[in-house]
Structure formats: C-alpha cells, structure tokens
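One-letter residues, chain by chain:
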Amino acid sequence: MGETALGFQHVLAMYAGAVLVPLIVGEALGLTPEQLTYLVAIDILLCGVATILQIVSNRFFGIGLPVVLGCTFTAVGPMIAIGGQYGISAIYGAILVSGLFVVLISGFFGSLVRFFPPVVTGTVVTIIGITLIPVAINNMGGGQGASDFGSLVNIGLSFGTLLFIVFLYRFSSGFLRAIAILLGLVIGTIAAAFLGKVDVSPIANASYFHMVEPFYFGTPTFEWPAILTMILVAMVSLVESTGVYFALSDITKKKIAEKDLAKGYRAEGLAIVLGGIFNSFPYTAFSQNVGLIQMSGVKSRKIILIAGIMLITLGFVPKIAAVTTIIPPSVLGGAMIAMFGMVIAQGIKMLSTVITDSQENSMIIACSVGIGLGVTVVPELFVQLPSSIQILTSNGIVAGSVTAIVLNILFNMLPSKKRKHTTAVVKESAINQG
C-alpha cells in the first residue's frame, strides 16, 4: 500500500505537466473534443511507457535511474507552429524523424554536447518560453476567436487561477507546492462550473476503455523545416535530460558512465519514435519528480515502475482523460502563464551562470533572443529568400537556435587572434621568468 501511494504521488507531481501539453497543442490546432480526449489519453499512456523504457536498464537502452519521463514543454511552441503551417501530419512526421535521429546519435551525443553549452540551451529555452506567452494570454481571454473574449468572467477565472497557484506556491512547501498547478486547474474548473462555463458532455461521451491506434491523425508527412525544428527541440531536451541524469546519479549515489548516458539517450529516442507512431509527443526527463525523490528520500526504481504502470493504466481509460478536456480556456490560460513563465525562468537560470563570463556571451544571447522573438512576431521578414534558406528562417525558435549555435562557435569555439596573442604573451612571460 505504501509503495502504491508513493507511486501515485509521482503521478500527481507530473500530471499537470503531462496533460497541459496535449490540451494546449490540441486547442491551438482546433481538435474536436473526441480527438482531444484521445490525445490526452495516449500522452498519459506513453509517459508511462517512456518512463519504463528508462528504468528497466538493459544492454541497449535505459539509464537505470528512478527517472520519470513526460512530454517536453520545449516542443509546445514548435508543434503549434508546424501544425499551423504544414498541418498535423507534418508534426508527427517531424517527431518520428527526430526520434530516429536521437537513437542514431545516442552513442556519440556526449561529444556533440559541446555545441550545446548553457549559453545555447538557455537561449533556446528562453526563446521558447517567450514565444509561448501569447498562447497563454489568448487563453486567458477565453480562447482566440471566442465570442466572449476578454469578458470579466474569463479575466476573473484566469487571474483567480493564477493567484491561487501563486498563493499556494508562496504559503506551502514540499508535495503541495509540487502539485500547485494541478490544484490550481482543479479549483479554477470548480469555480468555472458554478459560473456555468464547464461543459461535461465530453466526459459523458467518452468510453471507459479504448485501444491505442497508430497514426490516429493520419499518415505522417515530412517537411524539412518541421524536421529540423523537432531535431533542435530533441537536442535541447537531451541536454536537459543529461542534467536530470546527473542529479539523480548524485541523489542515488550511483555513478553513470558514458555508455549509461548513451542508453538513456537511446531510450529517450525510442520514446520519441513511439510518440510519432501513436500521435503523441516528444519525451524528456521530468525535473519535478527529481525534487520529489529528494524531498521524500525514497530512491527506489520500483516506485517509479509503479508510477509508470499507473500512467499506462490511466491511458487506456478515455473517461479519465476526458475530465481534463473540460477545463475552460480561461482557467487553462491562468495556469499557462505560471507554467510558461517557469520555462522562461528556467532559461534565464541557465543563462545566469554564463552571461557574466564574457561580453561575447552577452552578444550571443542578445542577437539570438532578438532574432528568435523578431521572426516569431514578423514571420514574413524572410519571405523573399530561397526556400532552401527559409528552412532556417521560417520559425523563430529555429532562427534563434541556429543564431545561438553559430555565434557560440564563432565566439567561444574558434581560436581568435586575441586569444592567440594572450597565449603568446603568457608563454613569453613564462620563458623570461624561467
């Protein structure tokens, strides 16, 4: 009983993050309530499968640490952009290819990490967080195109939900704080129900059991800009996961070697491939569950296995998935401000360790965030360029990420004359002293 309760605690800690991604992406793509229910259900199920792939370590995949996997928030903005430009089939074609790419590079990703130092990954995460805020603001008003957009009821619900989350975060600690977003969504939806803003018909119409269906949203299509975008998202997720692996390695006192990291990356790649096949999402290690492990002191993989089995079981029950689809957009918007704001805060936190290191790093961040946000706001800027170049410029996240990678190579990886001169002076000084 105790182990089951601990497993359920992990499910609750990651549940809001797991269901918010399909709800936000599904709403943005205009899915029907039935499709949205499927998307939430398959996502919960694959969170469980992805988690089990990581903890059951074998010769080929699995890091063998008590890690919980969930859909990455890094993918939300890119998926909405791809769906809007190329259609939903292109999202899953891009996820499929990015997953295969991760599996292929898993053996030597360790040597590619140097192209993704904190100045690059922090910049990418910051750009993604900033570009998601308009999605949250639209939802706060009641959803784009809503007849009552910006009504006092919608504004009241969205800010009420946000204030509840803020107060819970301020005046609670431990597990309650870990599920603040989830509780905010529950309280906000109850308040909305009293105001007649909740439609429970999706729950009534949902079945008690369903079988998962490959390519539920149709045959995937493959567009180069979309594929490149999702590969960049996958690379950033791998870097974030690496941080989670080392944090868990430290907590559990289990040392991880390069081959363990490769197996961890491979498991993540397999999870992303499954996301492409079953029309779900890219998956990454969830840091909120690391906090829960540290807080509870329970480091057993068995507890995480129980949580994974629970997630898979929940994923087969559309009735439970449908409960999340009745959350009104305004309530969702209030929670999204907190969630996406945390994405920006995470990016800034990553950048805070490097921005003071050099003026060059400041320039990398300035140009990359500027380009990323600029292209997001004015996407027609590069419309006159050849289509082959537009692969890199059609999406703000890709444009900002590529700018960060290129400038980091230019400033921090290529030997400069100044550095050569400094090295020569140091050597000459050492010879003279000798």
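What you are looking at is a predicted structure, and each value in this text was computed from that prediction instead of being measured.

A. Quick peek at the side chain of S158. By the element assignment, S158 lies in helix α7 (residues 152–171). A residue is classified by how much of its surface remains accessible, and S158, at 0% relative accessible area, is buried. The residues touching S158, leaving out its near neighbours within four places in the chain, are M140, S330 and G334.

B. Looking closely at the packing of aromatic side chains. Within the structure shown, the criterion is met by 8 aromatic pairs. An angle of 5° between the planes, with centres 6.2 Å apart, marks the rings of Y92 and F217 as stacked. Of this pair, Y92 sits in helix α4 (residues 88–105) while F217 is found in the loop between α10 (201–205) and α11 (224–252), placing the two residues 125 residues apart along the sequence. Just as Y92 is buried, F217 falls in that class too.

C. Just the packing of helix α6 (residues 118–140) against helix α19 (residues 396–413), in detail. One can describe the packing of α6 onto α19 by two numbers: an axis separation of 9 Å at closest approach and a directional angle of 160°. For the element pair α6 / α19, the angle class is roughly antiparallel. The chirality of how α6 crosses α19 is right-handed. Contacts between α6 and α19 involve V119, V120, T123, V124, I127, I128 and T131 on the former and, on the latter, G396, I397, G400, S401, A404, I405, N408 and N412.

The rules we used
Numbering of residues starts from 1 in every chain and runs along the sequence as written. For a predicted model such as this one, the threshold for reporting local features is a pLDDT of at least 70, and the threshold for listing and counting side-chain atom pairs is 80 or more; totals across whole chains, interfaces and linings nevertheless cover every residue. To get the side-chain values, take all heavy atoms of the structure and skip hydrogens and water. Each helix is a run of H or I in the DSSP string that is no shorter than four residues. Each strand is a run of E no shorter than two, and both are numbered from the N terminus. Note on exposure labels: buried denotes an accessible area under 20% of the residue type's maximum, exposed denotes more than 50%, and partly exposed covers the range between, all computed with a 1.4 Å probe on protein chains only. Residue contacts are defined here by distance: any two heavy atoms, one from each residue, within 4.5 Å place the two residues in contact. Ring pairs shown here join Phe, Tyr and Trp side chains whose ring centres sit within 6.5 Å, with only the six-membered ring taken for Trp; geometry is labelled stacked below 30 degrees between planes, edge-to-face above 60, and tilted in between. Lines fitted to C-alpha atoms define the axes here, with helix axes fitted over just the stretch in contact, and angles between the N-to-C directions of these axes take values from 0 to 180 degrees. Angular relationships are summarised with four words: roughly parallel below 35 degrees, roughly antiparallel beyond 145, roughly perpendicular across 65 to 115, and oblique for the angles in between. Less than a right angle of anticlockwise turn of the near helix away from the far helix marks a crossing as left-handed, whereas a clockwise turn marks it as right-handed.

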